[in-house]
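A structural walkthrough
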Amino acid sequence: MAKLLITGGAGFIGSHTCVVLLEAGYDLVVLDDFSNSSSRALDRVIALAGITPSESSAKRLVTVPGSINNSLVLEKVFREAIETGQPIEGVIHFAGLKAVGESVADPLRYWHVNVGGSISLINVMAAFSCHTLVFSSSATLYGYPDQVPIPETAPIQPINPYGHSKAAVERLLNDLAASAPGQWRIACLRYFNPVGAHASGRIGEDPLGIPNNLFPFVSQVAVGRRERLQIFGGDWSTPDGTCVRDYIHVMDLAEGHKAALDCLLTEAPQLLTLNLGSGRGISVLEVVNAFGQACGQPVPHTIVDRRPGDAAITVADPSEALRRLGWSTRRSLDDICRDGWAWQSANPAGYGQRG
Ligand code: WQD
């Protein structure tokens, strides 16, 4: 079975995708600098995929500590794969920085890692004739959407350096594909709001410090790590006055990555740009109430002023992913909250370590 390089594979979406890929029989090399992840996640990924020590997890999942900005480390990964008789046939590129507020404060770091790191990776891929890439993009590049649900043809109008960095890598990948017709197999996957956890509760989202995002914050309030949720705005033009988003179960997202990879590896070279979302709009208050049901007690919250940079409603039009990949989300908000609570309640302090 094919060997893949997974950059950022110890992270939230990366670790869940590694479980799906291992179960499908792929062999993985995970490159991660562990700046925002834990190697414990990979230990649990191996166990969840049913890989026993006798199967030598060292063959099925090899961990390489390192940064995508370090081309020497990347070259070593590709060279050693060839030397072991199993060249890297494709890359799923998760590694990057993803905090909107942080990107506003430190744009140079975001451009260096998200764009410079992607260029470093793509250069090494090309040098080793590896032309299959799934890129972790984001719905953030839509900015304030002109229309909802949002199709892939909507204007690319980022409103923060994080979104600009994702749009820039997409632009680079489009130019690259156009420069060598028939060579590159690329999928740019635009995530909406990834949430939840593997149903086992063994892996999940473990953000560094105070969570920026709604779901991990709600989850940490429920488990007692945070006092109270602040809901940013109750006067939006939405049914209940709170913002509406497209929350996608992380396992649906992981399966979407496998579907995209399988398509690239079996069909003719092409560049796919796809929304990965549910197409279902859910409000902040609906998340809070559903999570309260899942954890068996109300989640304390207060409605405060709006957060700068928020849009009232952001929901995907996911029809293109269904048409091209035969993929759509299968899990509900209740599944998201049940699985997210299974993770948080069993791991109140997350993995308990970085690195
Ligand atoms: C969701 C809703 C907040 C926290 C961001 C990135 C996007 C993607 C997902 C990477 C909003 C409200 C939040 C809180 C709240 N990440 N909220 N109290 O902003 O839709 O998208 O994360 O790709 O790129 O932009 O997600 O979870 O931050 O916010 O009321 O403590 O929850 O106002 O309406 P967002 P979010």
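Right above here is the structure, for reference.
The sections below set out a description of the structure shown in this document.

Cut-offs and rules
- Residues numbered from 1 in each chain as written.
- Predicted model: local features only at pLDDT ≥ 70, side-chain atom pairs only at ≥ 80, totals over all residues.
- Heavy atoms only, no water.
- Helix = DSSP H or I, 4+ residues; strand = E, 2+ residues; numbered from the N terminus.
- Rg over C-alpha atoms; globule rule 2.2 N^0.38 Å.
- Buried < 20%, exposed > 50% of the residue type's maximum accessible area, 1.4 Å probe, protein only.
- Contact = heavy atoms within 4.5 Å.
- Areas by Shrake-Rupley, 256 points an atom, 1.4 Å probe, with all protein chains shown as cover.
- Lys, Arg positive; Asp, Glu negative; His and termini not counted.
- Charge placed at Lys NZ, Arg CZ, Asp CG, Glu CD.
- Near = heavy atom within 4 Å.
- Polar contact = N/O pair within 3.5 Å; in protein donor to acceptor, adjacent residues only side chain to side chain.
- Nonpolar A, V, L, I, M, F, W, Y, C, P; charged D, E, K, R; others polar.
- Core = buried A, V, L, I, M, F, W, Y, C linked by side-chain atoms within 4.5 Å.
- Pairing = 2+ DSSP bridges.
- Axes fitted to C-alpha atoms, helices over the stretch in contact; angles between N-to-C directions.
- Salt bridge = Lys/Arg side-chain N within 4 Å of Asp/Glu carboxyl O.
- Disulfide = S-S within 2.5 Å.

Time to look at the overall build of the protein chain. Check the secondary structure of the protein chain and you find 12 helices and 14 strands. Relative to its length of 355 residues, the protein chain is compact, with a C-alpha radius of gyration of 19 Å against a globular reference of 20 Å. Taking the principal axes of its C-alpha atoms as reference, the protein chain extends roughly 55 × 45 × 40 Å. Counting every position in the protein chain, which comprises 355 residues, the buried fraction comes to 55%. When contacts within the protein chain are restricted to residue pairs at least 6 apart in sequence, those whose partners lie at least 24 apart make up 81%. Working note: accessible area of the protein chain is about 14400 Å², and carbon and sulfur atoms make up 53% of it. For the protein chain, the centre of its 28 positive side-chain charges and the centre of its 34 negative side-chain charges are spaced 3 Å apart.

In the vicinity of the ligand lie 18 residues, with Thr 140, Tyr 162, Gln 230, Arg 245 and Asp 310 positioned nearest. At 3.0 Å, a side-chain N or O of Ser 138 approaches an oxygen atom of the ligand. In this structure, an oxygen atom belonging to the ligand sits 2.7 Å away from a side-chain N or O atom of Arg 245. For the ligand, whose unbound accessible area comes to 690 Å², protein coverage reaches 90%. No other element matches strand S8 (residues 229-232), which puts 4 residues into the shell around the ligand. Class assignment of the residues belonging to the shell around the ligand gives a composition of 9 nonpolar, 6 polar and 3 charged.

With omega at 0°, the peptide bond leading from Val 148 into Pro 149 counts as cis. The backbone phi angle of Phe 34 is positive, close to 55°, even though this residue is not glycine. By secondary structure assignment, the location of Phe 34 is in the loop between strand S2 (27-32) and helix H2 (39-48). Using a relative accessible area of 12% as the deciding quantity, one classes Phe 34 as buried.

Here the focus is the nonpolar core. Side chains that are nonpolar tend, in soluble globular proteins, to be buried together. In terms of nonpolar packing, the biggest core is built from 45 residues, with Ile 6, Leu 21, Leu 28, Leu 61, Leu 189 and Leu 325 touching the most fellow members. With 7 residues, the single largest contributor to this core is helix H9 (residues 250-266). Apart from the residues lying within four places of it in its own chain, the contact partners of Leu 21 are Leu 4, Ile 6, Tyr 26, Leu 28, Ile 92, Lys 258 and Leu 261.

Spatial strand order, S3-S2-S1-S4-S5-S6-S11: 7 strands in an open sheet with parallel pairing. Of all strands in the sheet, those with a lone pairing partner are strand S3 (61-65) and strand S11 (271-276), marking the two edges. Adjacent strand axes in the sheet meet at a mean angle of 15°, parallel and antiparallel pairs treated alike. Of the strands in this sheet, strand S5 (132-138), strand S6 (185-191) and S11 are in contact with helix H7 (residues 161-179), which crosses S5 at around 150°.

Looking now at the pairing of S8. Burial of S8 is one-sided: the residues Leu 229 and Ile 231 facing one way are buried, the residues Gln 230 and Phe 232 facing the other way are not. Where S8 and strand S13 (residues 301-304) come together, 4 bridges link them in parallel fashion. By the bridge assignment for S13, Ile 231 is matched with Ile 303.

Once that is clear, we can look at the pattern of salt bridges. Tallying each qualifying case throughout the model produces 17 salt bridges. Here Arg 190 and Glu 170 are joined by a salt bridge, their closest N and O atoms 2.7 Å apart. Of this pair, Arg 190 sits in strand S6 while Glu 170 sits in helix H7, placing them 20 residues apart in sequence. Given a relative accessible area of 4%, Arg 190 falls into the buried group.

Summed over all chains, the structure comprises 0 disulfides. Free cysteine: Cys 130, not disulfide-bonded; nearest cysteine sulfur from Cys 188 at 15 Å. The exposure class assigned to Cys 130 is buried, which follows from its relative accessible area of 2%. Looking at the unpaired Cys 295, the closest cysteine sulfur is the one in Cys 337, lying at 8.8 Å. By relative accessible area, Cys 295 is classed as buried at 13%.

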